[in-house]
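One letter stands for each residue in the lines below.
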Amino acid sequence: MYNTRDRKKFVGKQDPDGAQIHSKFQYAHRLNFYDRPPLYDVTIEEFETCALDRLRVLAEIESSFARNRPWDELKTVTLAQCQKYVPLNNNTAITVDVDSQRRNDQLGHFVLRLAFCRSEELRRRFLKAETTLFRVRYDSDDRKERDGFLGSRSFDWIEVGDEEKNTYAKELQALEIKKPGEEYVREERYYKVRWTRVPDLVAKRKVLLRGGWAYVPSREQSSIIFQEFEANLARALEHTAKALPRMDEDTRLVPILNNLSQGFLAGVPSGWSSAPASGDEITAEMVDGIAKKHFPMCMRNLHESLMRDRHLKHFGRLQYGLFLKVLGLSIEEAVMFWRKAFSGLTDDKFNKEYKYNIRHSYGLEGKRANYPAKSCQQILLTDKPGPSDCHGCPYRHFAPENLQTSLLASYSSHGLTSTDLPEIMKTVKEGHYHVACTRVFEITHASKGVKKGEGVGGGESVTHPNQYTTRSRELEKSQEDAAMVVE
Amino acid sequence: MSLADTDASPEVMLAFYRLLYPFKSVFNWLNHEHTPTKLFTHREFAFTLQQDVYLRYNSFNTHDDLKKQVCALNPTRFEIGPVYTARPRDKKTVRSAAFTPIKRELVFDIDMTDYDGTRTCCSAADICVRCWAFIAAAVKVLHTALEDQFGFRHILWVYSGRRGIHCWVSDEEAMELTDDQRRAVVGALTVIEGGKEMAKKVNVRLGNKGLPPSLWPASETLRLLFDPLILRDQDVFASESNWETLLQLVPDSTITEKLRDKWSNDPARTSSTKWSDLKRAIYKAYDEGSPEFIRLTNALEDIVIQYTYPRLDAEVSKHRNHLLKAPFCVHPKTGRVCVPVDPSRVDDFDPSAVPTVGGLLREINENGESGGEGTDWAKTSLKPFVDMLDRHTAGIMDDVRRSKRAAAGSDLSW
Ligand SMILES: [Zn+2]
């Protein structure tokens, strides 16, 4: 696909002191403030892969916010995603190449910076997600390595001297968090910064304020660090945004960057593999039953429109046909399925006008490409449905009343009730369509033991209709298996 | 010409803008220097016209330009917004990304309507010299916190013309606050929370702990005010529904039941007596220093705060791009001018004695010849208020000059 020899040099500000930290690693610390851009050659492929991997993690953080996940849960989900896509091990790890992990982490961050600096909205969301990722990693960092990291940069705080500590002893003691029964004996260290650098602590009255200075106890030091990370990155993003027009000259990068920046608007490109699992074939007769039990709203809608109207327009056939192919419908079964569905047509008309297209989508005609099924991102962003079309994403393209009616009609037999609707509609209104779909999955699979926040497994959101359906069928199968064991 | 005090008709307003409104002083205050800077030229002004038409995104090069437009439009009032990255009047022609608010005074709005339930003299939109005491308390508490804790020095208080007060902080650090930082100030200063249905509106402690230190000075000021204002002057706990609210704030059913009996059988008991009843009951029931005793005395401290602490309109302060009525505008209902208030003498301020636009125009008529447009305020009772703003502005300008000199000094060469 991409020419791997086609190397792209990252041009960034040269590190002025050129200092190299003496360490057995090129990257001395697991945590990174991303002050220095990558100054090495990368292939276009690496460029894209690293960014995409990181985007998956950031997108999951975004949907955690949309779902109001508590911090601990967000942390668990995010760490699991990190482990999968952007792992970062401690210096003590011996079996992994720590340097290349850190290099990928740095590269992914900088590519996404380019992709997300281009509008105020994207900058804001990127900033929030990246700062959260940093917090999650900071919290999970080994104490010693974290101290090493903190020592490696200057945070511009003033350590409060004894004299001042005595002056404010009463106030500082009142702010101490004492465990029951614990005496005030610990000699807490305090750091003085302008209050504007720790707005969170100020808002919660957790620090002493005098003349615009905040006296931050060492246990709250992380607030300064997170704020510093955020402020740094905000500045850098604005800077990059101004410098970007020059970058746009590199035509190979522009489409990649455009693609990436859409990841936030419509969910990430699905990591779902389009190839049907072997031995998992389905027949034309099975489709209706599976549809009623396992389809997401978009496919439910296409299926029902087809059954009702005995017809589907072009983009609807495309979206649904490819979905069924990946679900395991063979070409022979597909022809049979569509022939039966289009029952108003003569054999002649069907063979002439539709059969070719079906075979084409299976890669048996024309340029014989193996077309993958459309992901949520593609459904949300391409081929917007016209007034008489049935394709698209119902969460995005249906009027709110119609969506609510359809949801109840399709899923009330799976446990969805009208009391669930306000929450779903709120998410829809905020534009988090995949979050709404994921929530419907959770509700309709509650009887299979799926809990709120678990998504389609491990907290993952819906990114592909086939992923939705396959997970739904897996859940049913594992329940049946379990039942058999009991019997 | 015989004018009623409350007259704020278009003719009267036009005469006010032409002869009396201190455009130059307001310009200096917003601009921080004598020659126009972006603090003025990129600043949004919004006009409310007679027919409730609202015109946003106006901006002006000089105070004369502003005056000309104000006299041409003759608005019932005008508001001041943030300083943008471009001139607000060019908003339509610049890219939206190039048009964002960057600077703005930190502002607060306190309105007497939020004090219902803690005052008995008036309700809703009414205000009298007695309930001004609540505003005076708010000014003292907030002024001290802004100075001592946040380190601000250029704080202007302005009577809102009817039933409240506005606060404008012009320090450089305050001008540059992000919305997040503004929210943090509001968070730190907001103590009264929860709507009508929430009896206990002060929840600032962690468990049985003392008040956070940032509220110590406020608590001290308000404790001294509670007896004369709430217990004596307002006699807040006289009515049954009001003393019932008080009992709901006392977390001890044995004590509250006894007091409920006592107070319903003796409707003439004053608020002061009831407060003493409550204190005595606590001392009688528990040993000093016991956890129950601490819990109840903490509750008393919270009650004092709940009845006297400033009520902030948080939304006004949280966003850089919030508009706020300009000082020296006229309130259309009362005809009163929104004059600055000296925080060190806020107890002596009488809202009913504030100059009205009708009264000021009468003063000019009685004093004979108009001396030249725009400076006539000097011959009226508006003068001390304009002087107060000018003195305030001089302080800001001193600071700006100093920091400019410091910046220039570092690269000065012979
Ligand atoms: Zn009153």
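Sequence order as written defines the numbering, with residues in each chain counted from 1. Chain labels run from A onward and ligand labels from 1 onward, assigned in the order the entries are written. Side-chain atom pairs in this predicted model are given and counted only at pLDDT of 80 or more, local residue features only at pLDDT of at least 70, and totals for whole chains, interfaces and linings cover all residues. The side-chain numbers reported here are obtained from all heavy atoms of the structure, hydrogens and water having been left aside.

Considerations on the overall build of chain A
- Counting secondary structure elements, chain A contains 21 helices and six strands.
- Burial classes follow relative accessibility: with a 1.4 Å probe on protein chains only, a residue under 20% of its type's maximum area counts as buried, one over 50% as exposed, and anything between as partly exposed. In chain A, which comprises 487 residues, the share counted as buried stands at 49%.
- Looking at chain A alone, contacts between residues at least 24 apart form 73% of all its contacts between residues at least 6 apart.
- The accessible surface values rely on the Shrake-Rupley method and a 1.4 Å probe; as for residues, cover is taken only from the protein chains in view. In the form shown here, chain A has an accessible surface area of approximately 24500 Å², with 51% of it arising from carbon and sulfur atoms. Helix and strand assignments come from DSSP, with helices taken as H or I runs of at least 4 residues and strands as E runs of at least 2, each series counted from the N terminus. The contact criterion used is simple: two residues touch if any of their non-hydrogen atoms lie within 4.5 Å.

What about the overall build of chain B?
- Within chain B, the secondary structure is distributed over 15 helices and nine strands.
- By its C-alpha atoms, chain B is 75 × 60 × 40 Å across when sized along the principal axes.
- For chain B, the proportion of its 414 residues judged to be buried stands at 51%.
- Sequence separation of 24 or more characterises 67% of the internal contacts of chain B that already satisfy a separation of 6 or more.

A closer look at the domain arrangement of chain B
Residue and element names in this part refer to chain B.
- Splitting chain B by domain gives domain 1 (10-187 + 312-410) and domain 2 (199-308).
- The C-alpha-based centres of domain 1 and domain 2 are spaced at 38 Å.
- If you look at the interface, domain 1 gives 12 residues, while domain 2 gives 14 residues.
- Summed over both partners, the interface of domain 1 with domain 2 buries about 1100 Å², with 58% contributed by carbon and sulfur atoms. What marks off one domain from the next here is an automatic or database domain assignment. Here the quantity called buried area is the accessible surface, traced with a 1.4 Å probe, that two parts lose on coming together, added over both.

Observations regarding the interface of chain A and chain B
- Opposite the 18 residues of chain A that make contact, chain B presents 23 residues.
- Buried area between chain A and chain B, both sides added, is near 1700 Å², and the carbon and sulfur share of it is 59%.
- The term salt bridge refers to a pairing of a side-chain nitrogen on Lys or Arg with a carboxyl oxygen on Asp or Glu at a separation within 4 Å. The tally of links between chain A and chain B comes to one salt bridge.
- Here A:Arg194 makes a salt bridge to B:Glu173, at a shortest N to O gap of 2.8 Å.
- Nitrogen and oxygen atoms within 3.5 Å of one another constitute a polar contact, given that in protein one can donate a hydrogen and the other can accept it, and given that sequence-neighbouring residues count only through two side-chain atoms. Linking chain A with chain B are 10 residue pairs in polar contact (both at pLDDT 80 or more).
- Examining the composition of the side of chain A that touches chain B, we find that four residues originate from one element, helix α7 (residues 169-175) of chain A, more than from any other.
- Each residue is assigned to one class: nonpolar for Ala, Val, Leu, Ile, Met, Phe, Trp, Tyr, Cys and Pro, charged for Asp, Glu, Lys and Arg, and polar for all the others, Gly among them. For the side of chain A that touches chain B, the class distribution of residues is eight nonpolar, three polar and seven charged.

Quick notes on the coordination of the zinc ion
Residue and element names in this part refer to chain B.
- We call an atom a donor if it is N, O or S and sits within 2.8 Å of the metal, or 3.2 Å for Na, K and Ca. Water is not counted, so some sites may look partial. Bound to the zinc ion on the protein side are Cys-121 (SG), Cys-122 (SG), Cys-128 (SG) and Cys-131 (SG), at distances that span 2.2 to 2.3 Å.
- Between the four donor atoms coordinating the zinc ion, the angles at the centre fall across 105 to 118°, so the site counts as tetrahedral.
- Spacing between the donor residues of the zinc ion along their common chain follows C-C-x5-C-x2-C.
- Overall, Cys-122 belongs to the buried group, its relative accessible area being 15%.
- Residue Cys-128 is classed as partly exposed on the basis of its relative accessible area of 23%. Geometry is assigned from the angles between donors: four donors with all angles from 85 to 135 degrees make a tetrahedral site, four or six donors whose opposite pairs exceed 155 degrees while the rest stay between 65 and 115 make square planar or octahedral sites respectively, and everything else is labelled irregular.

Focus on the side chain of B:Ser317
All names here are of chain B.
- If you trace the backbone, Ser-317 turns up in helix α13 (residues 314-318).
- Using a relative accessible area of 2% as the deciding quantity, one classes Ser-317 as buried.
- When sequence neighbours within four positions are dropped, the list of residues in contact with Ser-317 reads Leu-106, Val-107, Phe-108, Arg-182 and Val-186.

Concerning the pattern of salt bridges
Residue and element names in this part refer to chain B.
- Inspection of the entire model under this criterion finds 61 salt bridges over all chains.
- Across the pair Glu-176 and Lys-103 runs a salt bridge, and its minimum N-O distance is 3.7 Å. Taken together, the positions of Glu-176 in the loop between α6 (172-175) and α7 (179-189) and Lys-103 in strand β4 (residues 101-103) put the pair 73 residues apart, joining distant regions of the chain.
- Notably, a salt bridge pairs Arg-345 with Asp-348, separated by 4.0 Å at the nearest N-O pair.
- For Arg-345, a relative accessible area of 53% translates into the label exposed.

Digging into the environment of A:Gly151
Residue and element names in this part refer to chain A.
- For Gly-151, the position within the fold is in helix α5 (residues 143-151).
- Residue class for Gly-151 comes out exposed when judged on its relative accessible area of 64%.
- Distance in space between the C-alpha atoms of Gly-151 and Tyr-354 is 68 Å, their sequence separation being 203 residues.

Quick notes on the packing of helix α2 (residues 71-85) of chain A against helix α4 (residues 120-139) of chain A
Residue and element names in this part refer to chain A.
- Here the axes come from fitting lines to C-alpha atoms, over the contacting stretch only for helices, and the angles between their N-to-C directions go from 0 to 180 degrees. With their axes 10 Å apart at the nearest point, α2 and α4 run at an angle of 90° to one another. Put simply, α2 runs roughly perpendicular to α4. Contacts between α2 and α4 involve Trp-71, Leu-74, Lys-75, Thr-78, Leu-79 and Cys-82 from the first element and Thr-132, Leu-133, Arg-135, Val-136, Arg-137 and Asp-139 from the second.
- Tallied by class, residues from the contact of α2 with α4 come to six nonpolar, two polar and four charged. In these notes the angle categories are as follows: under 35 degrees is roughly parallel, over 145 is roughly antiparallel, 65 to 115 is roughly perpendicular, and the rest is oblique.

Things to note about the domain arrangement of chain A
All names here are of chain A.
- Segmentation of chain A into domains returns domain 1 (2-152 + 230-261), domain 2 (158-221) and domain 3 (284-486).
- Residue-level contacts link 10 residues of domain 1 with 14 residues of domain 3.
- Interface area for domain 1 against domain 3, summed over the two sides, is near 820 Å², with a carbon-plus-sulfur share of 39%.
- Inspection of the region where domain 1 meets domain 3 yields one salt bridge.
- In this structure, the salt-bridge partner of Lys-84 is Glu-460, at a minimum N-O distance of 3.0 Å.
- Here domain 1 is connected to domain 3 by five residue pairs in polar contact (both at pLDDT 80 or more).
- Only α1 (44-66) and α2 provide two or more residues apiece to the side of domain 1 that touches domain 3.
- Of the residues contributing to the side of domain 1 that touches domain 3, the split by class is two nonpolar, three polar and five charged.

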